[in-house]
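Next come the chains, spelled out residue by residue.
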Amino acid sequence: MTSSPKSPRDSALIRAARRESVPHTPVWFMRQAGRSLPEYRKLREGVGMLDSCRRPDMVAEITLQPVRRHGVDAAILFSDIVVPLAAVGVGLDIVAGVGPVVAHPFRTLADLDRIPELTPEHVPYITEAVHLVLPELGATPLIGFAGAPFTLASYLVEGGPSKNHEQTKAMMHGDPELWHQLCARLAQIAGAFLRVQAQAGASAVQLFDSWVGVLSRADYETFVQPHSRTTLSAVADLDVPKIHFGVGTGELLASMGAAGADVVGVDFRTSLTDARARLGDRYAVQGNLDPALLFAPWPALEKVVRSIVAEGAQAPGHIFNLGHGVLPTTDPEVLTRVVSLVHEASTQ
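Given the structure is predicted, the values throughout are model-derived calculations rather than measurements.

What counts as what
- Residues numbered from 1 in each chain as written.
- Predicted model: local features only at pLDDT ≥ 70, side-chain atom pairs only at ≥ 80, totals over all residues.
- Heavy atoms only, no water.
- Helix = DSSP H or I, 4+ residues; strand = E, 2+ residues; numbered from the N terminus.
- Rg over C-alpha atoms; globule rule 2.2 N^0.38 Å.
- Buried < 20%, exposed > 50% of the residue type's maximum accessible area, 1.4 Å probe, protein only.
- Contact = heavy atoms within 4.5 Å.
- Areas by Shrake-Rupley, 256 points an atom, 1.4 Å probe, with all protein chains shown as cover.
- Expected span 1.5 Å × (residues − 1).
- Arc of directions from axis to C-beta.
- Axes fitted to C-alpha atoms, helices over the stretch in contact; angles between N-to-C directions.
- Parallel < 35°, antiparallel > 145°, perpendicular 65-115°, else oblique.
- Left-handed = near helix turned anticlockwise from the far one by under 90°.
- Polar contact = N/O pair within 3.5 Å; in protein donor to acceptor, adjacent residues only side chain to side chain.

**Quick notes on the overall build of the chain**
Then, number 1: When you go through the chain residue by residue, the secondary structure sums to 14 helices and nine strands.
Then, number 2: By the compact-globule yardstick of 20 Å for 348 residues, the chain fits well, its C-alpha radius of gyration being 19 Å.
Then, number 3: Viewed in the frame of its principal axes, the chain has a C-alpha envelope of about 60 × 45 × 40 Å.
Then, number 4: Residues classed as buried in the chain amount to 56% of the 348 residues present.
Then, number 5: Of the contacts made within the chain by residues no fewer than 6 positions apart, 73% connect residues no fewer than 24 positions apart.
Then, number 6: On the chain, roughly 13,900 Å² of surface is accessible, and the fraction owed to carbon and sulfur atoms is 51%.

Now the structure itself:
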């Protein structure tokens, strides 16, 4: 038996992120703190999403719920990628069943005046929430996170979620100067948001570029990578591993790693074996069970989980996760079983 970690730095997740030896494959789930948990739904009754993200006691409790229930190897701070945008005064709301909706989409140079720099004073509730969570977590690491400039920009330019990102791509190619100025401001906001969480005590950070898979690699490297690099560099001096994740990004993995990641998140469309072939051994990988497979019969699910654990074992570091977030109707008991199975399968 391996001894329990004495601090988050000694935990399996941080060790895996640093490509060090681990006692077992660490596991956590994107959207683990959320709608799949009845205790979460009960706590959130009558409280809007943005309001819940600004209440440190609620943030702390929701952050801790999946750690208590599932025994995951990390907590991720309960928040939303648009929280820092709202904090600096951008008019938006998170609409149930839709997502972030921006009151007045950003389309012109004058719109940049609506995006001031983020400072820690804009988000005191984040620091307070982290300070509430850390004593409860003990040696379990806390992951802080932010939305990447491209994904934030796509919400601002489109006015909300988009299937085709036509306004975003039109600005990117039609007015590249405006695009780069917008993304530079968003990189400052996202980077400062990551830094607030890391300085408060988060042991790792994850940058979500949820929609960047809609781009070609050439467009990514020209219009996005520099700003993602700026964002991640905001915590470069704080000695926290940096995870970079996007959806549909199989062709972008190496470029996303080169933006400054220690761990590259892999969605379920790309196998860990293929991801490693594209990344080499310079990065740990995170992923990548298809969230829909949590609804499959247990024997089928078990087979896939064991396969992913085996593939991940060939990488220089592997953090088990889903290839996207937990779906709201997922049975929490299945998630708990998956955590146990990952731990068991990786120590056999």
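**Examining helix α6 (residues 124-137)**
Then, number 1: Over its 14 residues, α6 runs 20 Å from end to end, which matches the ideal 20 Å to within 8%, given 1.5 Å per residue.
Then, number 2: Buried residues of α6: Y125, I126, A129, V130, V133 and L137, and no others. The buried side chains of α6 occupy one side of the element, clustering within an arc of 130° when seen end-on.
Then, number 3: On its buried side, α6 packs onto α3 (49-53), α4 (56-70), β1 (75-76), α5 (83-87), β4 (142-147) and α9 (176-200).
Then, number 4: G138 occupies a position one or two residues after α6 and carries a positive phi of about 65°.

**Some words on the packing of helix α13 (residues 298-312) against helix α14 (residues 332-345)**
Then, number 1: At a minimum axis separation of 10 Å, α13 and α14 run at an interaxial angle of 40°. Taken together, α13 and α14 sit at an angle that is classed as oblique. By crossing handedness, the relation of α13 to α14 is classed as right-handed. Residues W298, L301, E302, V305, R306 and V309 of α13 form the contact with α14, whose participating residues are V334, R337, V338, L341, V342, E344 and A345.

**A closer look at the side chain of H24**
Then, number 1: In this structure, H24 sits in the loop between α1 (12-17) and α2 (38-44).
Then, number 2: Polar side-chain contacts of H24 include one of 2.9 Å to the side chain of D73.

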